[in-house]
Each structure stands twice: as structure tokens, then as C-alpha cells.
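Survey of secondary and tertiary structure
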Amino acid sequence: MLLQMSLARSDSWIALVDVNNFYASCERVFRPDLEGVPIVVLSNNDACIIARSQEAKDLGFKMGGLFHKVLPDLKRAGVKVFSSNYALYGDMSDRAVAVYRQFTPNLEIYSIDESFLDFSGFSDLDELGQRVRYTTRRDTGLPVCVGIARTKTLAKIANRIAKKNPEHNGVFKLETGDSEQLKKIENADIWGISRRLTPKLQELGIYNVLDLSRADPKMLRQKFSVVLERMVYELNGISCLELEEVAPVKKGIMVSRGFGQYQEKYPRIQEAVATYATRAGEKMRSQNLVANTLTAFLRTSPHNESQTYYSNSHTVAFPEATNDTGLIIRAAWWCLKKIYRPGLKYQKAGVFLGGLVNADATQPDFFFKLDTGKSKTLMAVLDKLNKDHGRDTVRFAASGVSTEWKMRQRMVSPRYTTLWKDMPLVY
DNA sequence: TCTGGGGTCCTAGGACCC
DNA sequence: TCTGGGGTCCTAGGACCC
């Protein structure tokens, strides 16, 4: 593979804006009474901790900690616990990005809580970073930190420095070749280097980011990968990772969930799979995509020692690319029939749509004639009703009415910003 | 009872072709 | 029937990220 890189223009600057403790901060925006109170947010099924406020971090609660194990400690410490509320987090994320766009037209939404902003050509970048920070807080209630540097990798590091050192007031500009700063950061603490890689780098005498920036990129590529090679260039201010302002077309859409409790019965699993298939169809249509293939998968718990682990998947190709929920459910059930084994306690199932292409550029199958006009109208009506009146107002009977497989969300906060009935009357 | 969900990129290896 | 290099394409699996 050819290494793509370009010397940073002399005036090119990138800012990484990152919301502090994003999920926990979202919960706090509408609950000012929780200011200063430790907060944790749980994964789906209320299984483990996936986000913590600063206070909860300081109390020693760990990422990934099992909820049921740490529950007594959480109670004792007076920690406020939330199930995850992705409707709220997704909407708050959109609001933050809308604020960032007031400062630069060129930005890349990197994740639900991080965006890269093109700061090239502006003067007084520290002051600009402070304005982004102040405005985001004022207009959304969310606290952010800003890291500014010549490349994405360095901007990530700058952001980390801003976050860890309160004296910078949430904004830090990292100059290329600032060896004092790079020396202070361990390999495992930067973007793209996992804990696993750390001991191997240490064998080569690479203990911190300064060492890494001075390592031989060709040698690292040979011993590890092109990813590490690029990192060395990035650390030296040579940009290898461009700003992706236009989100690339998705290559696949996945909808999967663990069940609220283990499921054995075929009809219940069918309902779950039909529900995931429905959700996947909605996602596709909202992005004007159609899928060429569908994969369904089913597995038992890898942690349940009372039975042997079983995991299987099956893929089918649609005769013609589609985003019709009826066809997606049928295909998903076809796959499910191939992989379901009676007598097992299943923990999770999912649906994956692949071979995605734009819905306006499909290749019709000569022999298989799908009535796409009728399907399109039906799906449009379905989506409109569900958008106006709430999810699942109208749905396929295949999804069933039982609730036993549905995930647990016992402590979910209201959808303050996306559901009229949940909107607080007094702020 | 109980261990997230959704995604990207890279690599190796096999199939196939000329 | 055997031998071979060089190339592309596809897939599965791993690593990593948030």
C-alpha cells in the first residue's frame, strides 16, 4: 500500500474538540442538581459502566466495571446511575457540532463526542479555542476541551494535555517538536496504540511518545504495520491523515443487541431478529441506501460456563438491492433458520446489511422484478408515521409483542430534547 | 440474573487469470 | 501433465477506536 502523506502547509492547523465525559455531561445538562455529584452511565442491558463523570473517576470507578458487582460501592458513594440514553446523546452531539460550524466551515465529525476543526489561516488560535469552548458551554451546556496542532495525531495529544492540566484552561496548542510535552506521554496513551503494543515497543527502547517520534518509520512498518509508520510521520508534523469533511458512504449497517435475559424459544428470537431487521431498514432508508446482502448472527454467552459456546452466522444475497423492511425481515428469518439450534440459551443476535449502494443507482435484476414503486411508497408512509408519532407506532407483526428479550434499561433519563412528552417544562 | 454496540482499517491467504 | 511469476480480487480475522 502506498503511504499517503503530505507536508503540512505552513499555515495548516487542526483543532480537536472533545466533550469532557460526554455521556455523563449530557445527563447533567438537564439536571443541574447533579453538578458536583458523581455520575456513571451504563451499557445496554445495564451491564457495565461505559462512562463516568470526573467525580466518579476520582472515586476509582473503572470503565467496563460490572454494574451488579460495584452496585454496593456506587450506593455507598452516592453515585447517580443512568442507563444509556442514545436519543439524548445523539441529539446533544448534533447541537455541539452546530456550534463548531459557526467557527469554521471545514470540520470532520470523528465520533459522537469528537470533531476535528480546520483552524488553518486563523490567527490567535488559543483565543479561538477559548471562544469555541465558551460558546459550546453557553449554547449547549456541554464542557469541551480543545487541542490544537499541525496533524490529527498531535491534535489528539494536545487535547489530552488540555484535559489533564487545568492550568491550560481547557485549550492547549502543541508546537511540532515540543519534546518536553512528548516525553511526558506514554505510548499507550496516544491514538492508535493499545496496551498490547506497549511492551513490544519497549523492547525496542521506545518508552514514550518522544522516543516514538524519533524511531525509524520503515523499521516500524516492517516489524508492525503501516499504521505505526504513519504515526511517526504524524508526530513529526507531517500529515498522513486528512480531514474528512464529507462522511464516507457506510460500508455496512449493523443492528445487534444482547437480550435482557437468555432466550431459548425460536419465536422469541424471531421477534428480536425482526425488530433488529426493522431498525436496520430504517437506518438504510434514512441514508438513502439499499443493501445487496444480509447477514444474521446468533450466539450464546461467551461467559456462561454451563453450556458450550455457540456462535454462527449466515449470509444471503438479495436478487436486487433493497431497503424494504418486509424483504429484510424475510431474509433475516431465512438466515436465522439456518443457524438456530434448539436447546441452547442464546444471549445475543444481530443483523448486518452489506454491499450498500446509493438507492438511486441500483442495478435491476433482469429476472427478478420487485415492485419497487409500491415498496417505496409503503416504506415512506411507515417512516413518516413513526417519525411524527414516535418509534414503532406502525410496525410489522413479525416483531411481536413480547418483552422478555428486550434489553434492560432500568435507569434511563427522559428524552429531554427529542420527545415532546419528555421535555422539561421548567429549566 | 448479569460482561455494550457500531464501526474502520489492515493483513494474509486463497482463487483465479494471463 | 508439469512448471512459474505477477497481478487482482475477495474474504476472514485481528486490531483498534469511541
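Above: the structure in question.
First things first, this report covers the structure right here in the doc. Not measured: the values here are computed from a predicted model.

**Remarks on the overall build of chain A**
A count of helical and extended segments in chain A gives 14 helices and 15 strands. Here the C-alpha radius of gyration of chain A, 24 Å, is about what a compact globule of 427 residues would show, namely 22 Å. Counting only C-alpha atoms and orienting by the principal axes, one finds that chain A spans roughly 60 × 55 × 45 Å. Taken across its 427 residues, chain A has 48% of its residues classed as buried. Sequence-distant contacts, at least 24 apart, represent 70% of the contacts inside chain A between residues at least 6 apart. Of the roughly 22,500 Å² that chain A leaves accessible, carbon and sulfur atoms contribute 53%. Here chain A carries 60 positive and 47 negative side-chain charges, and the mean point of each set is 7 Å from the other.

**Considerations on a positive patch on the surface**
On the surface, Lys-250, Arg-257, Lys-283 and Arg-391 cluster together into a positively charged patch. With respect to the helices and strands, the residue Arg-391 is situated in the segment after α14 (372–389).

**Some thoughts on the protein's contact with DNA strand B**
Near DNA strand B lie 25 residues; those nearest to it are Arg-230, Met-254, Ser-256, Gly-258 and Tyr-262. Arg-230 is positioned such that a nitrogen or oxygen atom in its side chain is 2.5 Å from a phosphate oxygen of DNA strand B. One of the side-chain nitrogen or oxygen atoms of Tyr-262 is found 2.8 Å away from a phosphate oxygen of DNA strand B. Taken together, the elements giving at least two residues each to the surface near DNA strand B come down to α11 (226–235), β11 (252–263) and β14 (346–354). With 8 residues, the single largest contributor to the surface near DNA strand B is β11. Partitioned by chemical class, the residues of the surface near DNA strand B number 10 nonpolar, 9 polar and 6 charged.

**Description of the sheet that holds strand β6 (residues 107–111)**
Paired through backbone hydrogen bonds, the strands of a sheet run either parallel or antiparallel to each other. Overall, mixed pairing links the 5 strands, which are arranged β6-β7-β2-β8-β9 in an open sheet. Only two strands of the sheet have a single partner each, and these edge strands are β6 and β9 (171–173). Within this sheet the neighbouring strands show an average axis-to-axis angle of 15 degrees, counted without direction. Pairing of β6 with strand β7 (residues 114–118), which is carried by 4 bridges, proceeds in the antiparallel orientation.

**Thoughts on unusual backbone geometry**
Despite not being glycine, Asn-21 has its phi angle at roughly 45 degrees, a positive value. By the element assignment, Asn-21 lies in the loop between β2 (14–19) and α1 (22–29). For Asn-45, which is not a glycine, the phi torsion comes out positive at approximately 65 degrees. Structurally, Asn-45 can be placed in the loop between β3 (39–42) and β4 (49–52).

**So, the state of the cysteines**
In this structure the tally under the stated criterion is 0 disulfides. Left without a disulfide partner, Cys-48 is nearest to the cysteine sulfur of Cys-26, which lies 18 Å away. Unpaired in this structure, Cys-145 has its nearest cysteine sulfur neighbour in Cys-26, at a distance of 15 Å.

**Some words on the environment of Gly-343**
Note that Gly-343 resides in the loop between α13 (325–339) and β14. Expressed as a C-alpha distance, the spacing of Gly-343 and Arg-195, which sit 148 residues apart in the sequence, is 39 Å.

**Considering a nonpolar patch on the surface**
The grouping of Val-381, Leu-385 and Val-394 at the surface amounts to a nonpolar patch, some 200 Å² of accessible area in total. The topology assignment puts Val-381 in helix α14.

**A closer look at α13**
An ideal rise of 1.5 Å per residue puts 21 Å on 15 residues; α13 measures up with 21 Å between its terminal C-alpha atoms. Buried within α13 are the following residues: Thr-325, Gly-326, Leu-327, Ile-328, Ile-329, Ala-331, Ala-332, Cys-335, Leu-336 and Ile-339. Capping the start of α13, Asp-324 holds a side-chain oxygen 2.8 Å from the backbone nitrogen of Gly-326, two or three residues further along.

How each quantity is defined
Residues numbered from 1 in each chain as written. Chains lettered and ligands numbered in written order. Predicted model: local features only at pLDDT ≥ 70, side-chain atom pairs only at ≥ 80, totals over all residues. Heavy atoms only, no water. Helix = DSSP H or I, 4+ residues; strand = E, 2+ residues; numbered from the N terminus. Rg over C-alpha atoms; globule rule 2.2 N^0.38 Å. Buried < 20%, exposed > 50% of the residue type's maximum accessible area, 1.4 Å probe, protein only. Contact = heavy atoms within 4.5 Å. Areas by Shrake-Rupley, 256 points an atom, 1.4 Å probe, with all protein chains shown as cover. Lys, Arg positive; Asp, Glu negative; His and termini not counted. Charge placed at Lys NZ, Arg CZ, Asp CG, Glu CD. Patch = residues over 30% accessible without salt bridge, like charges linked within 9 Å, V, L, I, M, F, W, Y side chains within 5 Å. Salt bridge = Lys/Arg side-chain N within 4 Å of Asp/Glu carboxyl O. Near = heavy atom within 4 Å. Polar contact = N/O pair within 3.5 Å; in protein donor to acceptor, adjacent residues only side chain to side chain. Nonpolar A, V, L, I, M, F, W, Y, C, P; charged D, E, K, R; others polar. Pairing = 2+ DSSP bridges. Axes fitted to C-alpha atoms, helices over the stretch in contact; angles between N-to-C directions. Disulfide = S-S within 2.5 Å. Expected span 1.5 Å × (residues − 1).

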